[in-house]
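Chain by chain, the residues run as shown.
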Amino acid sequence: MATRSFPLADNLSPKVSPFWHRIFPINIDLAMKSIFGVWAAYFVVNALRAVLWGAPDHSHSLVTYLVTAVISVTVTWALYRWLIVLGDRTAHALLVLTVPTIFLALAIVYLTDLFLAYPTPVLEHITVQHNLSMDMALSHLFDTAFVDYLILVGWGGLYLTMANSRKTQAALIHSRNLERVTRESEMRALRYQLNPHFVFNALNSVSSLIIDKKNGQAEHLVDGLADYMRSVLNDDDGDMITVEQEIAQQVRYLEIEQVRFPKRLSFEVHMDDDVREWKIPALIIQPLVENAIKHGVARSCKPVVITITALRDADRLKLVVANDGRMHTGGDKADGTGTGLANIRERLVALYGPAAALFAGNDNDDKVMATIIIPDEEQVFRDYCL
């Protein structure tokens, strides 16, 4: 047996009492405003015409228009409930508006005249009120019903249009929220992937000092690394921090690494004032600093300067980590590189899509340059495909 699908209430409608939700279970604000609005306009227009210019053939009164409006609201509500039962079957809804609505319009006219004529029969009441023959009275009833039919069809088309627009808007919001959650989960997973990568490199640094029998420096390094990792590997600050916070963490890390390389490691920081509060992913330049130490300082017998630069380039943020030396391509991944850079690229794609990038290579001054390009912070979680 085929099952009938009923539309679920959306989250865009206002919060009202359960009583009104039982009467208007779907799109309560659209239904109430359109139903009462259409028939209130009908009553006001006809009432003004009757007051200012006189009713047609002097047979209509404010009471007539008021009774018609009240009955019409009830009948339109019944049409509304019929349409929501049809759900997403637009073709069936249009069929209802074209054929069965004729009988609803006749019901409005008949019930109105029945109420006003009681206990006189309806057609007899029409002949008296409009000074018409019995045949003409029936024609008058159908003519009046045709006007109500046009109003019902117009309301139905308006409601369906607004309801479909509401449904599309709700679906778009749901899609974007789902994409936001997916990206946040992906970013968090990538950050967790980076944590053991960082710990592995930190333990290598401690191991190097122990092998060199520099126990005092190793102990000092362990204490410093413990404090540092406690501050950068927790989630208290969330996945997004300011440029100033990120660089401050890396400066602290470089100061710790200077314990290992007191004569070979020095660093410089250049940061424009207008990018200090720019939000970026936490630990986004950490792998670049690690690579600069591991493949620049640790492998060199000469002093190496690591430079961290943060500046605005047009409407984008440029983060640059540079160190003296040359970058050798191919075969490095087996030696421990590659994971950090891949992690950065994946995080940038997950957060910004194609609007961000990472470039690494050699410049003409015998320096290794790793550059991260990040768009304006307002583009975080923006649907870049639209």
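This text follows the structure it describes.
Criteria and thresholds
Residues numbered from 1 in each chain as written. Predicted model: local features only at pLDDT ≥ 70, side-chain atom pairs only at ≥ 80, totals over all residues. Heavy atoms only, no water. Helix = DSSP H or I, 4+ residues; strand = E, 2+ residues; numbered from the N terminus. Buried < 20%, exposed > 50% of the residue type's maximum accessible area, 1.4 Å probe, protein only. Contact = heavy atoms within 4.5 Å. Areas by Shrake-Rupley, 256 points an atom, 1.4 Å probe, with all protein chains shown as cover. Core = buried A, V, L, I, M, F, W, Y, C linked by side-chain atoms within 4.5 Å. Pairing = 2+ DSSP bridges. Axes fitted to C-alpha atoms, helices over the stretch in contact; angles between N-to-C directions. Salt bridge = Lys/Arg side-chain N within 4 Å of Asp/Glu carboxyl O. Expected span 1.5 Å × (residues − 1). Arc of directions from axis to C-beta. Phe/Tyr/Trp six-rings, centres within 6.5 Å; stacked < 30°, edge-to-face > 60°. Parallel < 35°, antiparallel > 145°, perpendicular 65-115°, else oblique. Left-handed = near helix turned anticlockwise from the far one by under 90°. Nonpolar A, V, L, I, M, F, W, Y, C, P; charged D, E, K, R; others polar. Patch = residues over 30% accessible without salt bridge, like charges linked within 9 Å, V, L, I, M, F, W, Y side chains within 5 Å.

## Some thoughts on the overall build of the chain
Broken down by element type, the chain carries 11 helices and seven strands. Considering the chain as a whole, with its 386 residues, one finds that 40% of them fall into the buried category. Look at the contacts in the chain between residues 6 or more apart in sequence, and 72% of them connect residues 24 or more apart. Here the chain has roughly 21,200 Å² of accessible surface; of this, 61% comes from carbon and sulfur atoms.

## Description of the nonpolar core
Residues V243, I285, L288, L319, L348, I372 and I374 are the most contacted members of the largest nonpolar core, which totals 44 residues. In terms of residue count, the dominant contributor to this core is helix α9 (residues 243-257) (six residues). Those residues in contact with L348, other than ones at most four positions away along the chain, are I284, G353, A356, A357, L358, I372 and I374. By size, the runner-up hydrophobic cluster in this structure holds 31 residues, among which are I28, W39, L79 and V96.

## Quick notes on the sheet that holds strand β4 (residues 304-313)
With respect to topology, five strands assemble into an open sheet ordered β2-β4-β5-β7-β6, the strand pairing being mixed. Of all the strands in the sheet, the pair left with one neighbour each is β2 (265-271) and β6 (357-362). Mean inter-strand twist for the sheet, computed between neighbouring axes without regard to direction, equals 10 degrees. By the bridge criterion, six bridges tie β6 to strand β7 (residues 367-375) in an arrangement that is antiparallel. Bridged to L358 within β7 is I372. Lying over the sheet, α9 contacts β2, β4 and β5 (316-324), oriented at roughly 170 degrees with respect to β2.

## A word on the pattern of salt bridges
With the rule as written, the count across this model stands at seven salt bridges. Overlapping salt bridges bring together E244, D273 and R276 as one network.

## Concerning helix α10 (residues 286-297)
With 12 residues, α10 should reach 16 Å at 1.5 Å per residue; the first-to-last C-alpha distance of 15 Å fits that figure. Most of α10 is tucked away, with 10 of its 12 residues classed as buried. Here α10 has its buried residues at Q286, P287, L288, V289, E290, N291, A292, I293, G296 and V297.

## Points about helix α4 (residues 90-98)
Listing the buried residues of α4 in full gives A93, V96 and L97. Along α4, the residues classed as buried sweep out an arc of 100 degrees about the axis, all on the same side. Facing away from the buried side of α4 by more than 90 degrees, the exposed set consists of A91 and L95.

## Thoughts on the packing of aromatic side chains
Across all of its chains, the model carries six aromatic pairs by this definition. On the basis of an interplanar angle of 45 degrees and a centroid distance of 5.5 Å, the ring pair of F24 and Y80 is categorised as tilted. On the criterion of sequence distance, the pair formed by F24 in the loop between α1 (18-23) and α2 (28-52) and Y80 in helix α3 (residues 62-86) is long-range, its members being 56 residues apart. Summarising the burial analysis for this pair, F24 and Y80 share the class buried. In textbook terms, an aromatic cluster arises when at least three aromatic residues are bridged by ring pairs, as seen for F24, Y80, W155 and Y159.

## Structural notes on unusual backbone geometry
Phi at N27 takes a positive value of approximately 50 degrees, unusual for a residue other than glycine. Among the secondary structure elements, N27 is positioned in the loop between α1 and α2. Its relative accessible area of 7% is what places N27 among the buried residues. Of note in this structure, L283 is not a glycine but carries a positive phi near 65 degrees. Inspection of the secondary structure puts L283 in the loop between β3 (279-281) and α10. Look at L283 and you get buried, because its relative accessible area is 3%.

## Let's talk about the packing of α9 against α10
The interhelical angle for the contact between α9 and α10, taken along N-to-C directions, is 25 degrees, at an axis separation of 10 Å. Between α9 and α10, the angle is such that the two are roughly parallel. For the pair α9 and α10, the crossing hand works out as right-handed. Here E246, Q250, Y253, L254 and E257 of α9 come into contact with α10, specifically with Q286, V289, E290 and I293. Counted by class, the contact of α9 with α10 contains four nonpolar, two polar and three charged residues.

## Examining the packing of α2 against α3
The contact between α2 and α3 brings their axes to 10 Å, and the two run at 160 degrees. Taken together, α2 and α3 sit at an angle that is classed as roughly antiparallel. Once α2 is placed against α3, the crossing between them reads as right-handed. Each of A31, I35, F36, W39, Y42, F43, N46, A47, R49, A50 and V51 in α2 lies in contact with α3, whose residues at this interface are L62, Y65, L66, T68, A69, S72, V73, T76, W77 and Y80.

## What about a nonpolar patch on the surface?
The grouping of V44, L48, V51, L52 and L62 at the surface amounts to a nonpolar patch, some 470 Å² of accessible area in total. Tallying contributions element by element places α2 first for the nonpolar patch, with four residues. With respect to the element layout, L52 can be found in helix α2. A relative accessible area of 55% places L52 in the exposed class.

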